[in-house]
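Remarks on the overall topology
Here is how the chains run, residue by residue.
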Amino acid sequence: FNLEAQEKSDISSSLMLLYSPFDKSGKVASETTALGGNHVGYAYAELTGFTGGGSEAYGQFFWEQKFWEKPIFMHAEYRGVAAGGFYESTAYLGAAYCIYSRHGYLALEPLAMWKQRMGFGGQLSVVGGWEWKHFIVEHYTDLWRTHKMNSPVDIYSQTRLFVKVYKRLYAGLIGTIYYTPGNFATEGVYAALRWRL
């Protein structure tokens, strides 16, 4: 895995079906990544609630670009969530420092943020992905604070584990946790199928 050695964009996409047996909720998601020698593009869209209950839509889109040899990228990102009559936008601008290994990468992303309902603040994201012949591990953790928040920091973390079942079909588990120190924690576990296009 050598992002810097790539001369042009290598685009990969996948579709995912997720189901949580604990709260009987389902999700369908699409994900596309474009990797190039000096850039990374990412688009993720998710729809929740097709198995019943309230519906929710979520989108995340970012572009990272560098103009030098060191693995330090400029990072611009947008996230949006809609549920019922509620909609919230969040915009980010900052940097990403990437550490590459044979099977994947780890990125540290200090970002300035503007959250539509919670104002200005900052976020630190730690993102990683590693892939072997039959096994994939992906992870990200966001820690953020805005000037309108009551808590010192909010934390969201997600870990994905996938095993190759057949050609481009993978099965796995996705675990999530949303945590406000001293207040509450919300956990989720999803069984997932991923089809690489």
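A brief structural summary.

Taken as a whole, this structure holds nine salt bridges when the rule is applied. One salt bridge in this structure joins E131 and R196, with 2.9 Å as the shortest N-O distance. Taken as a pair, E131 in strand β8 (residues 119-131) and R196 in strand β12 (residues 184-196) lie far apart in primary sequence, 65 residues in all. Members of the salt-bridge network, linked through shared partners, are E31, E138, R160 and R194.

Locating Y87 in the fold gives a position in strand β6 (residues 86-100). A relative accessible area of 36% means that Y87 is categorised as partly exposed. Separated by 29 residues in the primary sequence, Y87 and Q116 place their C-alpha atoms 9.0 Å from one another. Excluding anything up to four places from it in sequence, Y87 contacts Y78, G80, V81, A82, Q116 and R117. Polar side-chain contacts of Y87 include one of 2.4 Å to the side chain of Y78.

A surface patch of nonpolar side chains, about 670 Å² in accessible area, is lined by F67, W68, I72, M74, Y97, I99 and L108. When residues of the nonpolar patch are traced back to their parent elements, those giving at least two are β5 (72-83) and β6. Considering the arrangement of structural elements, one finds F67 in the loop between β4 (56-65) and β5. The exposure class of F67 is exposed, given its relative accessible area of 58%.

Definitions and limits used
Residues numbered from 1 in each chain as written. Predicted model: local features only at pLDDT ≥ 70, side-chain atom pairs only at ≥ 80, totals over all residues. Heavy atoms only, no water. Salt bridge = Lys/Arg side-chain N within 4 Å of Asp/Glu carboxyl O. Helix = DSSP H or I, 4+ residues; strand = E, 2+ residues; numbered from the N terminus. Buried < 20%, exposed > 50% of the residue type's maximum accessible area, 1.4 Å probe, protein only. Contact = heavy atoms within 4.5 Å. Polar contact = N/O pair within 3.5 Å; in protein donor to acceptor, adjacent residues only side chain to side chain. Patch = residues over 30% accessible without salt bridge, like charges linked within 9 Å, V, L, I, M, F, W, Y side chains within 5 Å. Areas by Shrake-Rupley, 256 points an atom, 1.4 Å probe, with all protein chains shown as cover.

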